[in-house]
Amino acid sequence: MSEHGVVDIMILGAGPAGLAAAYYAGHRDASVRIVESLEQVGGQVAAVYPEKHVYDVAGHPRIMGTKLIELCAEQGLQYEPDVRLGEEVQTLERVSQSGEELLAVGTDKGGPYLSRALIITAGHGAFEPRKLGVEGIDDWEGKGLHYVVREKAVFDDLTCVIVGGGDSALDWTLGLQDTARPPIALVHRRDSFRALETSVNEARALQDAGRVRIMTPCEVRGVHGDGRITSVTIENTKTGESEEVACEALITLLGFHSHLGAIAEWGLELEGKRQIKIDPTTCETSLPRVYAAGDVAGYPGKITLITIGMGEAAIAANNAIAQIRGEKVQPKYSTD
Ligand SMILES: Cc1cc2nc3c(=O)[nH]c(=O)nc-3n(C[C@H](O)[C@H](O)[C@H](O)COP(=O)(O)OP(=O)(O)OC[C@H]3O[C@@H](n4cnc5c(N)ncnc54)[C@H](O)[C@@H]3O)c2cc1C
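This is a predicted model, so every value here is computed, not measured.

Cut-off values and rules
Within every chain, residues take consecutive numbers counted from 1 along the sequence as written. The predicted nature of this model means local features are confined to residues of pLDDT at least 70 and side-chain atom pairs, given and counted, to a pLDDT of 80 or more, with totals for whole chains, interfaces and linings taken over all residues. In computing side-chain properties, one takes all heavy atoms of the structure into account and sets aside hydrogens as well as water. Pairing between two strands requires that DSSP report at least two bridges joining them. Put simply, DSSP H or I for four residues or longer makes a helix, DSSP E for two residues or longer makes a strand, and each gets a number counted from the N terminus. Residues forming no salt bridge and having over 30% relative accessible area are the ones grouped into patches, like charges within 9 Å of each other and nonpolar side chains (Val, Leu, Ile, Met, Phe, Trp, Tyr) within 5 Å. The method behind every accessible area is Shrake-Rupley, applied with a 1.4 Å probe, and residues are considered shielded solely by the protein chains displayed. For salt bridges, the criterion is a side-chain nitrogen of Lys or Arg within 4 Å of an Asp or Glu carboxyl oxygen. The classification of residues rests on relative accessible area computed with a 1.4 Å probe and restricted to protein chains. Under 20% of the type maximum is buried, over 50% is exposed, and intermediate values are partly exposed. By convention in these notes, a residue is near a molecule or strand provided one of its non-hydrogen atoms lies within 4 Å of it. Definition of a polar contact: a pair of N or O atoms within 3.5 Å, with one able to donate and the other able to accept a hydrogen when the atoms are protein atoms, and with sequence-neighbouring residues admitted only if both atoms are side-chain atoms. Residue type decides the class: Asp, Glu, Lys and Arg count as charged, Ala, Val, Leu, Ile, Met, Phe, Trp, Tyr, Cys and Pro as nonpolar, and the leftover types, Gly among them, as polar. As used in this record, nonpolar core signifies buried Ala, Val, Leu, Ile, Met, Phe, Trp, Tyr and Cys residues forming a set joined through side-chain atoms within 4.5 Å. Note on definitions: a residue-residue contact is assigned when non-hydrogen atoms from the two residues lie within 4.5 Å. Multiplying 1.5 Å by the helix residue count minus one yields the expected span of that helix. Fitted lines through C-alpha atoms give the axes, limited to the stretch in contact for helices. The angle between two N-to-C directions lies from 0 to 180 degrees. Relative orientations are named as follows: roughly parallel for angles under 35 degrees, roughly antiparallel for angles over 145 degrees, roughly perpendicular for angles from 65 to 115 degrees, and oblique for any other angle. By convention, the crossing between two helices is left-handed when the near helix turns anticlockwise from the far helix through less than a right angle, and right-handed when the turn is clockwise.

A. A look at the sheet that holds strand E12 (residues 181-187). Here 5 strands make up an open sheet; going across it, the order is E10-E17-E11-E12-E13 and the pairing parallel. Of all the strands in the sheet, the pair left with one neighbour each is strand E10 (145-146) and strand E13 (212-215). Here 4 bridges tie E12 to E13, and the two strands are oriented parallel to one another. By the bridge assignment, Leu186 is partnered in E13 with Ile214.

B. Structural context of unusual backbone geometry. Note the cis peptide between Gly111 and Pro112, where omega equals -5°. A cis amide bond, omega -20°, links Thr216 with the succeeding residue Pro217. Positionally, Pro217 belongs in the loop between E13 and strand E14 (218-226). If you check the backbone angles, Asp157 has positive phi at about 60° while not being a glycine.

C. Molecular detail of a nonpolar patch on the surface. Judged by side-chain polarity, Ile303, Leu305 and Ile308 come together as a nonpolar surface patch covering roughly 230 Å² of accessible area. Within the fold, Leu305 resides in the loop between strand E22 (297-298) and helix H6 (306-325). Note on Leu305: relative accessible area 40%, which makes it partly exposed.

D. Structural detail: the site of the ligand. Around the ligand, the structure places 28 residues, and the nearest of them are Glu36, Tyr49, Asp56, Asp295 and Ile306. The contact in question runs from an oxygen atom of the ligand to an N or O atom on the side chain of Gln44, over 2.8 Å. Contact with the protein chains covers 87% of the free accessible surface of the ligand, which is 990 Å². Tallied by class, residues from the shell around the ligand come to 13 nonpolar, 10 polar and 5 charged.

E. Structural detail: the nonpolar core. With 55 residues, the main nonpolar core has Ile9, Leu118, Ile120 and Trp266 as its most contacted residues. It is H6 that contributes the most residues to this core, 6 residues altogether. Contacts of Ile9, omitting those with residues within four sequence positions, involve Ala25, Ala30, Ser31, Val32, Arg33, Ser115, Ala117, Ile119, Ala320 and Ile321. Ile162, Leu186, Phe193 and Ile214 belong to the second largest nonpolar core, which has 22 residues in total.

F. Region of interest: the environment of Lys238. With respect to the element layout, Lys238 can be found in the loop between strand E15 (228-236) and strand E16 (242-246). Residues Lys238 and Glu135, 103 residues apart in the sequence, show an inter-C-alpha distance of 22 Å. Non-local contacts of Lys238, meaning those with residues more than four positions away in its chain, are made with Asp191 and Pro217. A polar contact of 3.3 Å, which involves the side chain of Lys238, links it to the side chain of Asp191.

G. Layout of H6. Here H6 contains 20 residues, and its C-alpha end-to-end distance of 28 Å stays within 8% of the 28 Å for a straight helix at 1.5 Å per residue. Among the residues of H6, Ile306, Gly309, Glu312, Ala313, Ala314, Ala316, Ala317, Asn318, Asn319, Ala320, Ile321 and Ala322 are the ones counted as buried. A positive backbone phi angle near 65° is found at Gly326, which sits one or two residues after H6.

H. Structural view of the packing of helix H1 (residues 16-27) against helix H3 (residues 65-76). Two elements in contact, H1 and H3, have axes whose closest approach is 8 Å; the angle formed by their N-to-C orientations is 25°. On the basis of their axis angle, the class for H1 and H3 is roughly parallel. With respect to the hand of their crossing, H1 and H3 are arranged in left-handed fashion. Contacts between H1 and H3 involve Pro16, Leu19, Ala22 and Tyr23 from the former and Ile69, Cys72, Ala73, Gln75 and Gly76 from the latter.

I. Expanded view of the packing of helix H4 (residues 167-175) against helix H5 (residues 197-208). Look at H4 against H5: their axes get within 10 Å of each other, and the N-to-C directions meet at 40°. Taken together, the axes of H4 and H5 are oblique relative to one another. Like other packed secondary-structure pairs, H4 and H5 cross with a definite hand, here left-handed. Residues Leu170, Asp171 and Leu174 of H4 lie in contact with H5, whose contacting residues are Ser199, Val200, Glu202, Ala203 and Leu206.

J. How the structure looks around the sheet that holds E14. Read from one edge to the other, the open sheet built from 3 strands follows the order E14-E15-E16, with strand pairing classed as antiparallel. The strands lining the two open edges of the sheet, one partner per strand, are E14 and E16. Neighbour to neighbour, the strand axes of the sheet diverge by 25° on average, direction disregarded. Of the strand pairs in this sheet, E15 and E16 are connected by 5 bridges, and their pairing is antiparallel. Looking at the pairing, Glu235 lines up with Ser242 of E16.

K. Layout of the pairing of strand E17 (residues 249-252). Neither face of E17 is exposed, since Ala249 and Ile251 on one face and Leu250 and Thr252 on the opposite face are all buried. One ladder, built from 2 bridges, connects E10 with E17; its direction is parallel. Bridged to His146 within E17 is Ile251.

Have a look at this one:
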C-alpha cells in the first residue's frame, strides 16, 4: 500500500531529541525515516534561538545554537536516514502487511509511511508565533516584520523596534547592540519586565548611554510603509499619547502558540494538555510500539531540557529496537 519502503523506526520531528533518536537507531543498525514539518532540522534551537549560546548541554561548556544543531545533525544523520522535510504528520493507523502489523503515518503531503515502531519527538508540536493585535499585521511578513532573530546580519544598521517583555525581547535588545542602528526601541505593554533582572538592568544602563529606548507601558497601534516597514505608531497606554517611531525592522517576540494538533487525537494518553504520557523507564506511550522523547514526552517531575530529551531519545530508540527484534534491552557501546 505504500510507495515508500518499510523502516524499523519512524521519527516524528527533527529537533535535538529526534536527531539523537536517529543516531541511536542508526547505531543499532535500524533503518530510520524522519518527518519534520519545518524546512530545516534543529527544532526550537534552530527556529527560535540559533544565534544564542547554550551552556548546559552535556559536553559543551558553551555552544552557539546553530553549531549545536550542526553537530546534532552530523551525528544524527550519519547513517543516512530517509529525511522528509516540510511535511506535517497528521494521521496514525495500524495496518497489516505480509502478516506483519505496521504503523502507518500520514502527512499533509503524502505517505503512508510504514514503520515497525514510531518515536514522537514533536517538541511543543507545530508552533506559530503570537502576533500583534494590529489590523493587517500579516501583510508585513517578509517586509520588515520578524517573529524570530535567525541571522543577526539581517538587521545590520537597521532601525529596530523590539516588542515584548520576556527574555527573548531583552536578549535581542542586548544581542543586536553590535548590529542594529542605535537606539533600539524596546516596547512593552507593562512597566515591569518578566525577563532576567540582570538583562533588564543592562538594558536600562544602555538606555542611559543612548543605545536603547525603553518604551513602557506602550503598545504598537499601527505599522506604516510602502512595500517595506518604515515606521510604527506607538501609544503610551498610561498617557494616551501616540508617537510615530522610525522602524525598518519590527521584531515581535511575544512567544509562541503551540499545540499537539492531530497527534492529540490519536488516542494517546496525555500528561496535562501539552505532553504525551510515557513510562520514563522505556519511553513507551500508552500505544504499543509508539514511543515519545524530548519536550513532548511527559511524566511527573519531567524537566524539559535538551540534555534530558537526548537521554530519553536513547532510551526510546533502544527500547523500540529491543521490542521489534524481541530482544532484551541492553546498552551497546559506540566505541570502536
Ligand atoms: C528561547 C529558548 C531558550 C532555550 N534555552 C535552553 C537551554 O539553554 N538549554 C536547554 O537545555 N534547553 C533550552 N531550551 C529548550 C530546548 O530548546 C528544548 O528543550 C528542545 O528544543 C526540545 O527538543 P525536542 O527535540 O524535544 O523538540 P523541538 O526542539 O521542539 O523539536 C520538535 C520538532 O518537531 C517538529 N514537529 C512538531 N509537530 C510536528 C508534526 N506534526 N509533524 C512533523 N514535525 C513536527 C517541529 O517542527 C520541531 O522541529 C530553550 C527553549 C527556548 C524557546
